[in-house]
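Chain by chain, the residues run as shown.
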Amino acid sequence: MFDLDKEQLREALASAKQIEAALRERLREQDLVLSGLEALQGEEDPAVLQARVFDLLSRSVAFNLALVIEPAGEDFVCTAATDPAAVGARWPGGGFFSRVAHGRAAVVPDNRRVPEWGRCEGLSPLPGGGVYAPILGASGPGLLILCSHRAGAYSARDGALVSRLSLLVSQTLAAAQRRRLSEAARSADVARQAAVAASEAKSRFLANMSHEIRTPLNGVTAVADMLAMTELAPRQQEMAQLIAQSGRMLERLLNDVLDFAKIEAGQLEVERKPFDLEPALHAMIDLFAAKADAKGLAFQARIAPEAAGLFEGDSLRVRQVLGNLLSNAVKFTEAGEVVLEVCAEDGPEDSLITLRVTDTGGGFTPEHGARLFDRFEQGDDSITRQFGGTGLGLAISRSLAEMMGGAVTWRSTPGQGSTFEATFRARRVRDAGPAITDADAPPHPQDLRVLVAEDNPNNRRIVAMVLDLVQAQATYAENGQEALDAFAPGRFDIILMDLQMPVLDGLSATRRIRELERAETARPVPIIALSANAMTHHVAEALAAGATAHVAKPILPAGLIQTMVGLIQDAPASTAVKAAS
């Protein structure tokens, strides 16, 4: 009886020792995992992280080669290894690798028996055993492979241990992915800040260029326009008109470049205001009908009855698109005719308006047509040499049409002519009150009291010539502070305010004037921002400061007079409008 109890005690003691050994092994494995996780938390470099993981694995399981395999499309690719030459090796997807990646660890006595190794690109299998454990990579389920030169080197227990330790590899890959994402985010932020800075610098350059070009151009075109109004000999009249036309051409080129830059920067906006479509188009129709007649071309304009009436949209941009299409048609047609057709198709919410321009010019091939809407392209270099231009007109027209919900399309036959169609969407307006039109200026008032704030002596003289046409009484200030000192509520009928001036700029002077009017509850005097700062944000800043209208330099004398008279006689003083120069 005693011997039996002694034997049972021996068995119990052996069992306890086995349990103790198993617990020690489990604790050792847990210590490896915990120390590995602790090491991961203190390191950010993915390469260092992976090297530490391989070192931790080698303390627990002997191996000659360790591989981290991640999915890449339909294949698996080695992304990390103890032998750098193995990185980049590829295995086909499916089969044994996929079963392990989506399942449980496996132990093989000879790696060469795994089918995927026979189709591996860039690496030959080690002749010994291997452990294959699932991991979670950055791109999906993958594998951790430990290879030995010795056949049958690993047991099921080794497979279970490696499977538990594969957590370290998954953690490493996750940390590396976070590092890559963090670096990508930082790089993207740096690139965004650089892009914003470049855009701001570009906007400042364009604004300065616009101002510096428009200021002397104002002296050329405005003076030429007024010179043409005087009594001149026919030859002198022709020269004055040529100067004015050349100045307007330069202004159009400048506007094209600025519009192109604003479209690229996403800063161009289209307005939504009621306008009468037919009268809005007549300015362009009359202009190009005269140019077609000068070339001996027939010109027809057919506006369908359904296109009549008021629409809500940007009449200025609609005219710009039509002007580009008509300009090209007249320019490239040597004989025959140019035909404009305007129609509208009403929908449940808005109308689709089509501007169709057909000519009997030389036409072009599909290859040339595919390049027409590229910026700075004109089909071929001979067009630029023969006709000039920037090659921006169609690119700008297409962008404007798309911003208004439409498109610009074409069809052409070499030797027969071309047809361009521009479409845009606009909501039909009913009972909207008076619309914006291009009516002639009302009669000029006499004895108009005008305060002019302008620091440039040439520009002051030009404005004086314009005001002389309406016999206005003008008071001149060379900066915003002088204008503010001269101002008193009720003293002036209208103010012409330059924006860029020394001492006190035009925006600040405008705000101060509005403050004085509010303090005395006086009726606001119309203020026209008369400036070479003509970009969209300049106009918005002027109106936000309290200006009633904005007229860009170079000015059209008739256009400035029309704006002044319209503000005084028709528009309420509190209404802010953007006037065309």
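Structure: see above.
In short, a report on the structure.

Reading the values: the criteria
Residues numbered from 1 in each chain as written. Predicted model: local features only at pLDDT ≥ 70, side-chain atom pairs only at ≥ 80, totals over all residues. Heavy atoms only, no water. Phe/Tyr/Trp six-rings, centres within 6.5 Å; stacked < 30°, edge-to-face > 60°. Helix = DSSP H or I, 4+ residues; strand = E, 2+ residues; numbered from the N terminus. Buried < 20%, exposed > 50% of the residue type's maximum accessible area, 1.4 Å probe, protein only. Polar contact = N/O pair within 3.5 Å; in protein donor to acceptor, adjacent residues only side chain to side chain. Contact = heavy atoms within 4.5 Å. Axes fitted to C-alpha atoms, helices over the stretch in contact; angles between N-to-C directions. Parallel < 35°, antiparallel > 145°, perpendicular 65-115°, else oblique. Nonpolar A, V, L, I, M, F, W, Y, C, P; charged D, E, K, R; others polar. Patch = residues over 30% accessible without salt bridge, like charges linked within 9 Å, V, L, I, M, F, W, Y side chains within 5 Å. Areas by Shrake-Rupley, 256 points an atom, 1.4 Å probe, with all protein chains shown as cover. Salt bridge = Lys/Arg side-chain N within 4 Å of Asp/Glu carboxyl O.

**What about the packing of aromatic side chains?**
Applying the stated criterion across every chain, the model contains eight aromatic pairs. Seen from their ring centres, Phe96 and Tyr132 are 5.3 Å apart, and the 80° between their planes marks the pair as edge-to-face. Residue Phe96 is found in helix H3 (residues 95-101), and its partner Tyr132 is found in strand S5 (residues 130-137); the two are separated by 36 residues along the sequence. Site record: aromatic cluster; members linked through ring pairs are Phe76, Trp91, Phe96, Phe97, Trp117 and Tyr132.

**Focus on the side chain of Arg317**
Relative to the elements of secondary structure, Arg317 occurs in helix H8 (residues 315-331). The exposure class of Arg317 is buried, given its relative accessible area of 7%. Within polar-contact distance, the side chain of Arg317 engages the side chain of Gln320 at 2.5 Å.

**What to know about the side chain of Glu454**
Considering the arrangement of structural elements, one finds Glu454 in the loop between strand S14 (449-453) and helix H12 (457-469). Under the relative-accessibility criterion, Glu454 is labelled buried at 3%. A polar side-chain atom of Glu454 sits 2.6 Å from a polar atom in the side chain of Lys553. Residues in contact with Glu454, not counting those within four places in the same chain, are Asn459, Arg460, Ala477, Glu478, Asp498, Met501 and Lys553.

**Describing the packing of helix H14 (residues 506-519) against helix H15 (residues 536-545)**
The relative placement of two packed helices is expressed as an angle between their axes plus a distance between the axes. Viewed as axis vectors pointing N to C, H14 and H15 meet at an angle of 25°, and their least axial separation amounts to 8 Å. Relative to H15, the element H14 lies roughly parallel. Residues Leu507, Thr510, Arg511 and Arg514 of H14 form the contact with H15, whose participating residues are Glu541, Ala542 and Ala545. Among the residues making up the contact of H14 with H15, the classes are represented as three nonpolar, one polar and three charged.

**Structural notes on the environment of Ala401**
One can find Ala401 in helix H11 (residues 393-403). Distance in space between the C-alpha atoms of Ala401 and Thr423 is 6.4 Å, their sequence separation being 22 residues. If near-sequence neighbours (up to four positions away) are discounted, Ala401 is found in contact with Gly406, Ala407, Val408 and Thr423.

**As for a nonpolar patch on the surface**
Together, Ile213, Leu250 and Leu253 make up a nonpolar patch on the protein surface, roughly 210 Å² of accessible area in all. Relative to the helices and strands, Ile213 resides in helix H5 (residues 156-228). Of the residues examined, Ile213 reaches a relative accessible area of 30% and is grouped as partly exposed.

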